[in-house]
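Structural features, examined
Listed here are the chains, written in short residue letters.
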Amino acid sequence: MMTTLEIPSVLSSSQRRCQVLLMLYLPDAAVTAQSITAANGVDDTIARQDIAETRDEIQRYHRLDIVTHHDGCYRIEGTALNQRLCLLHWLRRALRLCPQFVSHQFTPALKTALKRHGIARPLYDDTNLRALINFCSRRLQRQFECRDVQFLQLFLQYCLIQHHQGNTPHFTQIQRSWAQSRGEYFTAQEIVRHWKRRVSSAPHIDEQLFLSLLFMMLRIPDPVLDKHQQDQRLRRTIVRMIARFRAQTGMNFSDEQGLTDQLYIHLAQALDRSLFDIGIDNSLPEEIHRLYPRLLRTTKESLFELEAEFGLRFSEEEMSLVAVIFGAWLMQENDLHEKQVVLLTGDDKACEALIEQQLRELTLLPLNIRYLTLQTFQKEGAPREASLVITPYPTALPLFSPPLIHAVETLNAQQQEHIRAMLES
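Criteria and cut-off values
Residues numbered from 1 in each chain as written. Predicted model: local features only at pLDDT ≥ 70, side-chain atom pairs only at ≥ 80, totals over all residues. Heavy atoms only, no water. Helix = DSSP H or I, 4+ residues; strand = E, 2+ residues; numbered from the N terminus. Rg over C-alpha atoms; globule rule 2.2 N^0.38 Å. Buried < 20%, exposed > 50% of the residue type's maximum accessible area, 1.4 Å probe, protein only. Contact = heavy atoms within 4.5 Å. Lys, Arg positive; Asp, Glu negative; His and termini not counted. Charge placed at Lys NZ, Arg CZ, Asp CG, Glu CD. Salt bridge = Lys/Arg side-chain N within 4 Å of Asp/Glu carboxyl O. Phe/Tyr/Trp six-rings, centres within 6.5 Å; stacked < 30°, edge-to-face > 60°. Lys NZ or Arg CZ within 6 Å of the ring centre and 35° of its normal. Polar contact = N/O pair within 3.5 Å; in protein donor to acceptor, adjacent residues only side chain to side chain. Pairing = 2+ DSSP bridges. Axes fitted to C-alpha atoms, helices over the stretch in contact; angles between N-to-C directions. Parallel < 35°, antiparallel > 145°, perpendicular 65-115°, else oblique. Left-handed = near helix turned anticlockwise from the far one by under 90°. Nonpolar A, V, L, I, M, F, W, Y, C, P; charged D, E, K, R; others polar.

Under an unreviewed UniProt entry, the chain has the name Stationary phase inducible protein CsiE and belongs to Enterobacter soli.

What follows is the structure, encoded as structure tokens:
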């Protein structure tokens, strides 16, 4: 009997998931496990695994779901706004990871759907769209890269189909006010005017809001060139936020301008993500909370005014990223390296955990705690790079050793002050 060996897919997992997602966005497409298997060159098991991983990702970042209908076809379910924001992210990713699929599969399917729905050709003609995008580029005073131009052409065509089908995104009052207050809103108005001249019914006002959001999401914040009133408002709030952080901690930043600029670049995008419910990696908060509890708590308190100013609440994920920025600048400011503390371990795990938590509460700076059994320490001593040894167990001090502190569950005030001075020196 001849054994048939299956040829593994030449596509990476990321490429396959991109193609799965784009297939689900193709107008009127019937996407099944079999069609995904054929498109990605994988067996049924891998195809279903790719679907599951894609589903997990869009649930986490875009509050969407992939469901199986009674006919065996997969479909994306969720609000029109979340669906468009999801495609915005994945189509840009696909243009990097699988441009051939975009050119040979996604683009022709869009063109076919535009014709089938009877949408006026001048609205989606490539030449007209490029001219419109160039006009928007000048209005926004931005230079779009070739890949961004290609993305905008395709995405605007997709939006035309969605609008024709009545799938218009809806916005909350806070989202509406924010989009209308941005400079991108007036550029979006020009696209709507162009559409009005070609169709009998005027596009819904929410289409202009979404087009404004589209250009907002493509923006790369520039702390030097951004002059819009909302940009200035954010910078003023960041200055007050840094002052609050400094007052709470007593720690200074010699280059507050540099810190302000980095926070501006990050928070300008974080505002958009938070206001429009776009998720980010959720693996960071638990680690930051465990390793840097004081830094995270101080960051949250410093961000309170910014949240009040813009009428939102940052997620734990967003809070953690801001805490990382503050922590990095504290290290840079003091030209410090992560200090290593050796925690000697034995039988009392609860006591050891309590001591570790107290250590992490003592300083805002990153701290590397290394575990070493009491027996190993007595035999070999502490690692050369260790700055401090701490233990709840009585032990003799080796001939050569960093300072050693014997702590019984709760560190006293003198021990806390001594450890803090050592870690922050």
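So, next bit.
1. Quick notes on the overall build of the chain
Looking only at helices and strands, the chain features 19 helices and six strands. Radius of gyration (C-alpha) of the chain: 27 Å, far over the 22 Å computed for a compact globule of 425 residues. Along the three orthogonal principal directions, the C-alpha set of the chain runs to about 85 × 75 × 35 Å. A total of 425 residues make up the chain; the buried ones form 51% of that total. By sequence separation, contacts in the chain at least 24 residues apart represent 72% of the contacts at least 6 residues apart. Placing the 47 positive and 50 negative side-chain charges of the chain at their respective mean positions leaves the two points 8 Å apart.

2. Quick notes on the pattern of salt bridges
Tallied over the entire structure, the rule returns 34 salt bridges. Among the salt bridges present, the one from Asp226 reaches Arg219, with a minimum N-O distance of 3.0 Å. You'll find Asp226 and Arg219 in the same group, each marked buried. Glu316 is the salt-bridge partner of Lys300, the closest N and O atoms lying 3.1 Å from each other. With Lys300 in helix 15 (residues 293–310) and Glu316 in helix 16 (residues 316–334), this residue pair connects regions lying 16 residues apart in the sequence.

3. Observations regarding the packing of aromatic side chains
In the structure shown here, the tally under the stated rule is 11 aromatic pairs. Seen from their ring centres, Phe245 and Phe253 are 5.9 Å apart, and the 45° between their planes marks the pair as tilted. Take Phe245 and Phe253: they sit in the same class, and that class is buried. Every member of this aromatic cluster is reached through a ring pair, and the members are Tyr25, Phe151, Phe155, Tyr158 and Phe210. Taking NZ or CZ as reference, Arg84 lies 5.0 Å from the ring centre of Phe210, over its face.

4. Some points on the side chain of Thr249
Checked against the element boundaries, Thr249 lands in helix 12 (residues 229–249). Relative accessible area serves as the criterion here: at 15%, Thr249 is assigned to the buried category. A polar side-chain atom of Thr249 sits 3.2 Å from the main-chain amide nitrogen of Met251. The residues contacting Thr249, other than those within four sequence positions of it, are Thr298 and Leu364.

5. Things to note about the pairing of strand 2 (residues 74–77)
Where burial is concerned, the two faces of strand 2 differ: the one with Tyr74 and Ile76 is buried and the one with Arg75 and Glu77 is not. With four bridges connecting them, strand 1 (residues 65–68) and strand 2 associate as antiparallel partners. Directly across from Val67, in strand 2, lies its bridge partner Arg75. Between strand 1 and strand 2, which pair antiparallel one after the other, the connecting turn spans five residues, and Gly72 there sits at a positive phi close to 85°.

6. Digging into the packing of helix 8 (residues 146–164) against helix 11 (residues 205–218)
Following both chains from N to C, one finds helix 8 and helix 11 inclined at 160°, their axes separated by 12 Å at the closest point. The angle between helix 8 and helix 11 places the two elements in the roughly antiparallel class. In this structure, helix 8 crosses over helix 11, and the sense of that crossing is right-handed. For the pair helix 8 and helix 11, the contacting residues are Phe151, Leu152, Phe155, Leu156, Cys159 and His163 in the first and Glu207, Phe210, Leu211, Leu214, Phe215 and Leu218 in the second. Partitioning the contact of helix 8 with helix 11 into residue classes produces 10 nonpolar, one polar and one charged.

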